[in-house]
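The primary structure of each chain is shown beneath.
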Amino acid sequence: MILYHGSFPKNPKPETSFSRNNVDFGKGFYTTPLKEQAENWCNKFKRLNKNAVISFYEIDDTIFSLYNTLEFQSYSESWLDFIINCRSGKDTSKYDIIIGGVANDKVFNTIELYYDNLIDKKEAIKRLQYEKPNMQICFRNQSIINKHLIFQKSIAL
């Protein structure tokens, strides 16, 4: 399986230590099997007049079953709860890998309304069901990255 990472530096040796804490699935190295999603991640760097680079990695996707992996198949109550916990710094889970939808700008607007108690959870899920989930894979265990994520190349956008 090929995974992509959109960033501003070339990233041949990813490090979880460079990640921010309060993001979708917590501190980790974020990848996606969708090249278009990585390009979207690069757009924020381009808007800041920074270089934008997509790094390509190869991984054997059978490893997901070997580690403590959490997978969200869709935007759901459990996904919403997990995102809220991570973004508010309250996540204490011990997952090595988390797979699921991205809280992009459109999705994040709904999350903000819910977080600010302007809509309830039922309404948030109702709104999210119309959004096409993008896919992200967050590696929170550095040893998995070192052992299984094989850098292939980077291209500048």
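Rules and cut-offs
- Residues numbered from 1 in each chain as written.
- Predicted model: local features only at pLDDT ≥ 70, side-chain atom pairs only at ≥ 80, totals over all residues.
- Heavy atoms only, no water.
- Helix = DSSP H or I, 4+ residues; strand = E, 2+ residues; numbered from the N terminus.
- Rg over C-alpha atoms; globule rule 2.2 N^0.38 Å.
- Core = buried A, V, L, I, M, F, W, Y, C linked by side-chain atoms within 4.5 Å.
- Buried < 20%, exposed > 50% of the residue type's maximum accessible area, 1.4 Å probe, protein only.
- Contact = heavy atoms within 4.5 Å.

Draft legend 1. Representation of the overall build of the chain. Helices and strands together make up the secondary structure of the chain, namely five helices and seven strands. The order of α-helices and β-strands along the chain, N terminus first, is β-β-α-β-β-α-β-α-α-β-α-β. Against the globule reference of 15 Å for 157 residues, the chain gives a C-alpha radius of gyration of 16 Å, in line with a compact fold. Taking the principal axes of the C-alpha coordinates as reference, the chain spans close to 45 × 40 × 25 Å.

Draft legend 2. Region of interest: the nonpolar core. If you look at the biggest cluster of nonpolar residues, it comprises 24 residues, and the most contacted ones within it are Phe25, Phe72, Trp79, Leu80, Phe82, Val107 and Ile111. Sorting the residues of this core by element identifies α2 (77–87), α3 (105–115) and α4 (121–128) as the ones contributing at least two each. The dominant element in this core, judged by the number of residues it contributes, is α2, at six residues. Apart from the residues within four sequence positions on either side, Val107 is in contact with Tyr75, Trp79, Val102, Leu128 and Glu131. Core analysis: the second largest hydrophobic core is formed by 13 residues, Leu3, Tyr57, Ile99 and Ile137 among them.

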